[in-house]
Amino acid sequence: QHCPENVSTFSQGVPVEQQLQELLSNTKGKTQAIMDAAGEILPKGTGKTGYKKVAETILSTLKGVFQGVVYKDKSGHERYLKPGAKAARLFRQGPLDPAKRFTFYDQNSCTGTDIHQTDEAKGILIINHHNILRDLLQAAWRFRKLDKGQTLTIHVPEGSKKIICERLGIDP
């Protein structure tokens with residue numbers, strides 16, 4: 001057996017901007033969310049400027065596609081950043097059309113965060129060999145309609161793919 005086709009790898013140990021550009025470059029603006037269950041994009045303990053940097057990078061990588069990026073800040077408040085804005089604002093469901101916004105779920109917000117997504121939303125789920133099944137499922141089900149049209153592609157850091165495939169007894 002081989003790893004499924006919808007499992008992709010990305011570089012580790014590179015700046016966050018490069019990781020995001022790599023993850024989003026082939027999506028043609030069709031991906032609407034990243035669920036970082038592995039904490040690869042925004043490691044735990046990252047200061048609040050890290051969240052804004054992630055949002056700015058998503059907006060610049062997918063320039064002109066989205067009206068803003070929604071994320072939970074270090075304090076657990078849902079915020080959104082619009083293109084060109086100097087600061088993020090508090091988010092309440094509604095200020096941005098779900099079809100025209102991007103949602104970034106860091107490792108902490110992959111559990112218990114409920115931000116409405118469109119019925120046909122496409123997302124990227126980032127996992128690594130340290131994730132347990134519960135973490136993977138919690139992150140995936142940020143898409144509440146995953147069984148009704150929403151889709152995810154799985155991305156793992158290059159170093160984790162081999163370990164995961166070995167543990168599953170399949171060829172990488």
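Before going into details, it helps to say that this report is about the structure given with it. (Residues numbered from 1 in each chain as written. Predicted model: local features only at pLDDT ≥ 70, side-chain atom pairs only at ≥ 80, totals over all residues. Heavy atoms only, no water.)

## Looking at a nonpolar patch on the surface
Point 1. Together, L133, L137 and W141 make up an exposed nonpolar region whose accessible area comes to about 300 Å².
Point 2. Assignment of secondary structure puts L133 in helix α3 (residues 133–140).
Point 3. The exposed category is assigned to L133, whose relative accessible area is 59%. (Patch = residues over 30% accessible without salt bridge, like charges linked within 9 Å, V, L, I, M, F, W, Y side chains within 5 Å. Areas by Shrake-Rupley, 256 points an atom, 1.4 Å probe, with all protein chains shown as cover. Salt bridge = Lys/Arg side-chain N within 4 Å of Asp/Glu carboxyl O. Helix = DSSP H or I, 4+ residues; strand = E, 2+ residues; numbered from the N terminus. Buried < 20%, exposed > 50% of the residue type's maximum accessible area, 1.4 Å probe, protein only.)

## What to know about the side chain of N128
Point 1. Structurally, N128 is set in the loop between β7 (122–126) and α3.
Point 2. Residue classification places N128 among the buried positions, given a relative accessible area of 10%.
Point 3. Polar side-chain contacts of N128 include one of 3.2 Å to the side chain of E40.
Point 4. A distance of 2.8 Å separates a polar atom in the side chain of N128 from the backbone nitrogen of H130.
Point 5. Dropping the residues within four chain positions of it, N128 is found in contact with A38, E40, P157, S160 and I164. (Polar contact = N/O pair within 3.5 Å; in protein donor to acceptor, adjacent residues only side chain to side chain. Contact = heavy atoms within 4.5 Å.)

## Observations concerning the sheet that holds strand β3 (residues 68–72)
Point 1. A sheet is described by the order of its strands in space; here eight strands give the open sequence β1-β8-β7-β2-β6-β3-β4-β5, paired in mixed fashion. Each having just a single partner strand, β1 (7–10) and β5 (89–90) make up the two edges of the open sheet.
Point 2. Of the strand pairs in this sheet, β7 and strand β8 (residues 151–157) are connected by five bridges, and their pairing is parallel. Counted as the bridge partner of G123 is L152 from β8.
Point 3. Lying over the sheet, helix α1 (residues 16–24) contacts β1, β2 (31–36), β6 (101–105), β7 and β8, oriented at roughly 150 degrees with respect to β1. (Pairing = 2+ DSSP bridges. Axes fitted to C-alpha atoms, helices over the stretch in contact; angles between N-to-C directions.)

## As for the environment of Y51
Point 1. Secondary-structure assignment places Y51 in helix α2 (residues 48–61).
Point 2. Owing to a relative accessible area of 7%, Y51 belongs among the buried residues under this scheme.
Point 3. Separated by 55 residues in the primary sequence, Y51 and D106 have C-alpha atoms spaced 8.7 Å apart.

## A closer look at the nonpolar core
Point 1. Grouped together as the largest cluster of nonpolar side chains are 23 residues, with contacts concentrated most on I58 and F104.
Point 2. Those elements that place two or more of their residues in this core are α1, α2, β3, β6 and β7.
Point 3. Per-element accounting of this core gives the leading share, five residues, to α2.
Point 4. Excluding its chain neighbours within four sequence positions, the residues that come into contact with I58 are L20, L24, V69, F102 and F104.
Point 5. Y105, A121, I127 and A139 belong to the second largest nonpolar core, which has 20 residues in total. (Core = buried A, V, L, I, M, F, W, Y, C linked by side-chain atoms within 4.5 Å.)

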